[in-house]
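Breakdown of the fold
Residue strings, one per chain:
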Amino acid sequence: MRGRKMGWSLALVLGLSGCGSQQALQPDWVLDRFPVMAASFPLQTMAQQLQQTLTQNSDSSNSVAGSTAAAWRLLNPLVSREPVLVLAYPPSDQTEEDLAYFNTEWEASQIAWDGLVLLSGAQNPVDSLSLQQLQQIYSGQIRNWSEVGGADEPIRFYVQDQDSGLQTAFESQVMDGLAMEGEQQDWVFERAGVVRQQPASFSPSSDALGFSSLSRCLTHPDPAVKMIAIEGVRPSIQTLSEGRYPLRLAVLAAARLPVDEPIAQTIAWLRTEQGQQWLRSQSLAPLSEQQLSQPPIQGNTRKRIEEEHS
């Protein structure tokens, strides 16, 4: 499956979004033919806005709610027979293995950058952490805020759901193979006689430490929450675009092969100058010309992106 050319390649369609022909790409989007979309949770509002913008119908919504793993799972033809446009962060290794197990042939193109941001309560005096300090906190080597220049109180840290795009990125970019210890968990009632644990909802107290996406924090600001700089660099669209902020989330547009024409047109538009400006209005960082020139990705998306943009 990996590396083969199958069906209608997005490379041909995305060629239309090069600098010489960006203005020529002006397809008409018809509401009843607009792609069904599935998105990572922080990107779901953007997906809804995309349809409303392109169809010029403010009441339209053709997106499927879900998580990163759930969005990628819809590329499996056994899960969804109709074509689906996935707007999501890179999948976990387990999610990719699940797609490969069912011989799902797919292709993905990067459309923007989001940021993986660290959060605490607004009253926390700590303004910046290093990647090494983050790793030591989440692996249990640092347990008190006083060890990183804060108050003398235990660090209460939070994680995301397993196989979520944010959790996958954090494990890859911060933990580098080390296991997390002591994260906050909640007991959840599932059905009669059955309870389970899941990651606790983030509470913005001064002892808390969690992570989310920059786009989510910018579109849903909370004065009780502060974003912590990493290696002295504050997360912003500008520092993401410049490559200075170290924790970046690739935003991908993916589809099952062969690619449905409305999906291919939508991905191509997102990679035009107009589409990139629109994505910036959605609190995402646009791509450089060099990044826009890269071909679609097949196979192990997460590792390829890390290698190409490291």
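These figures come from a predicted structure and were not determined experimentally. (Residues numbered from 1 in each chain as written. Predicted model: local features only at pLDDT ≥ 70, side-chain atom pairs only at ≥ 80, totals over all residues. Heavy atoms only, no water.)

**Considerations on the overall build of the chain**
Short version of the rule: Helix and strand definitions follow DSSP, with helices as H or I runs of at least four residues and strands as E runs of at least two, each counted in order from the N terminus. Buried residues are those whose accessible area, probed at 1.4 Å on protein chains only, stays under 20% of the maximum for their type, while exposed residues exceed 50% and partly exposed ones sit between those limits. Here a residue-residue contact requires only that any non-hydrogen atoms of the pair lie within 4.5 Å.
Across its full length, the chain holds 12 helices and 11 strands. Residues classed as buried in the chain amount to 50% of the 310 residues present. The contacts in the chain between residues at least 6 apart in sequence include a share of 75% that link residues at least 24 apart.

**Topic: helix α9 (residues 261-270)**
For α9, the buried fraction is high: eight of the 10 residues fall into the buried class. Along α9, the residues classified as buried are Pro262, Ile263, Ala264, Thr266, Ile267, Ala268, Trp269 and Leu270.

**Observations regarding helix α5 (residues 131-138)**
Where we set the bar: Arc definition: directions from the helix axis to the C-beta atoms.
Along α5, the residues that are buried comprise Leu134, Ile137 and Tyr138. Taken down its axis, α5 places every buried residue within 85 degrees of arc, on the same side. Residues of α5 that are buried make contact with β4 (106-121), β5 (128-129), β6 (156-157), α6 (165-175), β9 (208-213) and β10 (225-230). Phi for glycine 140, located one or two positions after α5, is positive at around 90 degrees.

**Considering the pairing of β4**
The criterion, for reference: Only strands joined by at least two bridges in the DSSP assignment are considered to pair.
For β4, the buried fraction is high: 16 of the 16 residues fall into the buried class. One ladder, built from four bridges, connects β4 with β9; its direction is antiparallel. If you follow valine 117 over to β9, its bridge partner there is serine 212. Sheet analysis places β4 next to β10, joined by four bridges and oriented antiparallel. Pairing of glycine 121 across the sheet is with valine 225, part of β10.

**Concerning the pattern of salt bridges**
In plain terms, the rule: In what follows, salt bridge is the name for a side-chain nitrogen of Lys or Arg lying within 4 Å of a carboxyl oxygen of Asp or Glu.
Using the criterion set out here, one finds four salt bridges in the structure. Two residues, aspartate 127 and lysine 226, come together in a salt bridge whose shortest N-O distance is 2.6 Å. One end of the pair, aspartate 127, is in the loop between β4 and β5; the other, lysine 226, is in strand β10, and 99 residues separate them in sequence. Overall, the relative accessible area of 39% leaves aspartate 127 in the partly exposed class.

**Some details on the packing of aromatic side chains**
Convention followed: Working definition: rings of Phe, Tyr and Trp (its six-membered ring) pair if their centres are within 6.5 Å, and the pair is stacked with planes under 30 degrees apart, edge-to-face with planes over 60 apart, and tilted otherwise. The rule is short: NZ of Lys or CZ of Arg within 6 Å of the ring centre and within 35 degrees of the ring normal puts a charge over the ring.
One pass over the structure, following the stated rule, counts seven aromatic pairs. Members of the aromatic cluster, joined through ring pairs, are Tyr138, Phe157, Phe170 and Phe211. Above the plane of the ring of tryptophan 113 lies arginine 248, whose end atom (NZ or CZ) is 3.9 Å from the centre.

**Quick word on unusual backbone geometry**
Residue proline 258 follows leucine 257 across a cis peptide bond; omega there is -5 degrees. Relative to the elements of secondary structure, proline 258 occurs in the loop between β11 (248-256) and α9. Phi at aspartate 163 is positive, roughly 70 degrees, even though this residue is not glycine. Its location among the elements puts aspartate 163 in the loop between β6 and α6. Of note, the phi angle at glutamate 231 is positive, near 55 degrees, even though the residue is not glycine. Among the secondary structure elements, glutamate 231 is positioned in the loop between β10 and α8 (237-241). A relative accessible area of 44% places glutamate 231 in the partly exposed class.

**Details of the pairing of strand β1 (residues 36-39)**
Alternating positions in β1 separate into two faces, Val36 and Ala38 on one and Met37 and Ala39 on the other, with burial throughout. Of the pairings in the sheet, the one linking β1 to strand β3 (residues 84-88) comprises four bridges and is parallel in character. Looking at β3, one finds that alanine 38 is bridged to valine 86.

**Observations regarding the side chain of lysine 226**
Judged by its relative accessible area of 13%, lysine 226 is buried. Residues contacting lysine 226, with those up to four places away along its chain left out, are Leu118, Leu119, Ser120, Gly121, Ala122, Asn124, Pro125, Val126 and Asp127.

**A look at the layout of surface pockets**
Selection rule: Buried and open spaces are told apart on a 1 Å grid over the protein atoms alone, a cavity being a set of points where a 1.4 Å probe fits but cannot get out and a pocket being an open set with protein on both sides within 12 Å along at least five of seven lines. Residues with an atom within 4 Å of a point are the lining residues. Grid points are joined across faces, edges and corners, and a volume is the space filled by probe spheres set on the points. As a working rule, the residues Ala, Val, Leu, Ile, Met, Phe, Trp, Tyr, Cys and Pro are called nonpolar, Asp, Glu, Lys and Arg charged, and the rest polar, with Gly in that last group.
Counted as a void, the largest pocket has a volume near 840 Å³. Listed by contribution, the elements that provide at least two residues to the lining of the largest pocket are α3 (68-73), α6, β8 (194-199), β9, α7 (214-219) and β10. The biggest single contributor to the lining of the largest pocket is β9, with three residues. Within the lining of the largest pocket, the residues separate by chemical class into 17 nonpolar, 12 polar and four charged.

**Some points on the side chain of glutamine 167**
Basically, it comes down to this: A 3.5 Å cut-off defines polar contacts: any pair of N or O atoms within that distance qualifies, except that in protein one atom must be a possible hydrogen donor and the other a possible acceptor, and neighbouring residues in sequence count only when both atoms are side-chain atoms.
In this fold, glutamine 167 is placed in helix α6. The exposure class of glutamine 167 is buried, given its relative accessible area of 3%. Within the local environment of glutamine 167, its side chain forms a polar contact with the backbone nitrogen of glutamine 160, the two atoms lying 3.0 Å apart. In this structure glutamine 167 touches Val159, Gln160, Asp161, Gln162, Met180 and Phe211, once residues within four positions along its chain are discounted.

Purely spatial values, then, with no claim about function.
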